[in-house]
Amino acid sequence: PINCSLWNSSNPVKIPLCPIISPFLVGVKTPVVDLSIEWEDVFAKYDVVRCNGHLKPSSCQARQKVALIVPFRDRYGHLKVFLNHIHPFLMRQQLDYKIYLIDLDDDILFNKGLLLNVGFLESGKEYDYDCYIFHDVDLLPENDHNLYRCSDQPRHMSVAVDKFNYKLPYVSIFGGVSAMTKDQILFVNGFSNQFSGWGGEDDDMFNRLKFHNMTLMRSMDDVSTYKMLKHKQSHPNPKRFKLIKTGMERVKQDGVKNLQYEILKRNEFPLYTYIKITI
Ligand code: BGN
């Protein structure tokens, strides 16, 4: 068995860097949406993912250390399907990665931007990640040439989603799946913490990137295709338009830099780490 306490220490034996393109990629692999699959079966299938969902290739040194940050509230049906799909997908890419689920106190209206900020801060405390991928739990990548790594500019990855007929729904979209490095996140002060309820936090991030003269990159639409799991439409936040309009006045004070929260629960599961917070 793997000794998890040794995980963070550098490998004493020098192993070569993994190839730029993993030899294990298979291209299109249609996600299997089996909502009736048992948790035990998912756990057993990916027994290799130990150390609380942290995995890295054994034969080579991964090129990037990636934290997958998933905002979460009570969607265990989706989570099972997501984990069943995403672990083998990420393994084939030879990444050094870990999945974090970030949940908010049940009494507080869901706030995705805030949870993404918490995910960035908490994961960064335990490992020196190169890349943070913000990921909706209902999006399943269909092609493993869609590489889960960061670039020298922030990158939007869920470019072609089946629900939107595999087309970008609007030109400034940044929601769904996106990848940013630590420096890129700190440069724009992360996401706004003000968007309670559904919608807008990603549009505000788009404005933050523009405000800081960053270039938004997009993954190539032929490989960054996604299947979206079906769910009930959440209630949009009626205040989101006003918040977006005034967002850039708050950039300095509203973000990761002075976010206050308290951890209610932290559970290390074999396939992911679960963190529940309150504010
Ligand atoms: C947009 C939402 C995004 C969401 C996408 C895709 C808003 C703000 C309106 C000014 N933006 O409409 O947050 O990611 O849809 O679902 O609602």
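Quick look at the structure, then. (Residues numbered from 1 in each chain as written. Predicted model: local features only at pLDDT ≥ 70, side-chain atom pairs only at ≥ 80, totals over all residues. Heavy atoms only, no water.)

Our next topic: the state of the cysteines. Any covalent bond linking the sulfur atoms of two cysteines counts as a disulfide. Applying the stated rule across the entire model yields two disulfides. The side chain of C18 participates in a disulfide bridge whose partner is C60; the two sulfur atoms lie 2.0 Å from each other. Taking the sign of the S-S torsion, 90° for the link of C18 and C60, the bridge is right-handed. Separated by 42 residues along the polypeptide, C18 in the segment before helix 1 (39-45) and C60 in the loop between helix 1 and strand 1 (65-71) bring together distant segments of the chain. For C18, a relative accessible area of 1% corresponds to the buried category. (Disulfide = S-S within 2.5 Å. Helix = DSSP H or I, 4+ residues; strand = E, 2+ residues; numbered from the N terminus. Buried < 20%, exposed > 50% of the residue type's maximum accessible area, 1.4 Å probe, protein only.)

Our next topic: the sheet that holds strand 6 (residues 160-161). Reading across from one edge, 4-9-6 is the order of the three strands in this open sheet, with mixed pairing throughout. Taken across any chain shown, the strands that pair with only one partner, and hence form the sheet edges, are strand 4 (139-141) and strand 6. With two bridges joining them, strand 6 and strand 9 (residues 225-228) adopt parallel strand pairing. Following the sheet pairing, V161 is matched in strand 9 by Y226. (Pairing = 2+ DSSP bridges.)

Attention now moves to the packing of aromatic side chains. A full pass over the atoms with the stated rule returns nine aromatic pairs. Seen from their ring centres, F120 and Y132 are 4.7 Å apart, and the 70° between their planes marks the pair as edge-to-face. Here F120 is found in helix 3 (residues 112-126), whereas its partner Y132 is found in strand 3 (residues 131-135), with twelve residues between them in sequence. The same class applies to F120 and to Y132, which are both buried. Seen from their ring centres, Y127 and Y129 are 5.1 Å apart, and the 75° between their planes marks the pair as edge-to-face. (Phe/Tyr/Trp six-rings, centres within 6.5 Å; stacked < 30°, edge-to-face > 60°.)

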